[in-house]
Amino acid sequence: QVQLVESGGGLVQPGGSLRLSCSASGIDFSSYAMGWHRQVPGKQRESVAVISSRGSTNYGDSVKGRFTISRDNAKNTVYLQMNSLKPEDTAVYYCNADLRVAGTHVDGYWGQGTQVTVSS
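First, a word on what this report is: a plain description of the structure on this page.

What counts and what doesn't
Residues numbered from 1 in each chain as written. Predicted model: local features only at pLDDT ≥ 70, side-chain atom pairs only at ≥ 80, totals over all residues. Heavy atoms only, no water. Pairing = 2+ DSSP bridges. Helix = DSSP H or I, 4+ residues; strand = E, 2+ residues; numbered from the N terminus. Axes fitted to C-alpha atoms, helices over the stretch in contact; angles between N-to-C directions. Core = buried A, V, L, I, M, F, W, Y, C linked by side-chain atoms within 4.5 Å. Buried < 20%, exposed > 50% of the residue type's maximum accessible area, 1.4 Å probe, protein only.

Take the sheet that holds strand E3 (residues 18-25) next. The 4 strands are arranged E1-E3-E8-E7 in an open sheet whose pairing can be described as antiparallel. In this open sheet, the two edge strands, each paired with only one partner strand, are strand E1 (3-7) and strand E7 (67-72). Taken pair by pair, the neighbouring strands of this sheet meet at an average axis angle of 15°, ignoring direction. As defined by bridge partners, E7 adjoins strand E8 (residues 77-82) across 6 bridges and the pair is classed as antiparallel. Within the sheet, the bridge partner assigned to Thr68 lies in E8 and is Gln81.

This is the structure in structure tokens:
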């Protein structure tokens, strides 16, 4: 059974920091690209950051320079370090595991989400 379990969300003041973690089980973690996405009620889910199985990273324009995605294959865990948080970063953050073969998506999973609220 595949599980992606997010943790680390919460309430933080503007300018503060949080680190999200996503622990995976039931998959060959090192083979999957891992991503963080976020969603605000009434809006489409937005890609925040992605790290490939080889460690290359991509970020959404709104978080570049503030967020850092990393992975620890020995712990089957992906992290999202969020600094200089803004109220507009408030959302439910979801972890995603994505397996591609020759560029084609073949398998994927989502976590249950963790709430991040940035407010004074």
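There is more to say after this.
One finds Met34, Trp36, Val78, Leu80, Met82 and Tyr93 to be the most contacted residues of the largest nonpolar core, which totals 28 residues. Those elements giving two or more residues to this core turn out to be E3, strand E4 (33-39), strand E5 (46-51), E7, E8, strand E9 (91-101) and strand E11 (114-118).

Now for unusual backbone geometry. In this model, Asn76 sits at a positive phi of 55°, which is unusual for a non-glycine residue. Of note, Asn76 is situated in the loop between E7 and E8. Taking relative accessible area as the criterion, Asn76 reaches 25% and is therefore assigned partly exposed.

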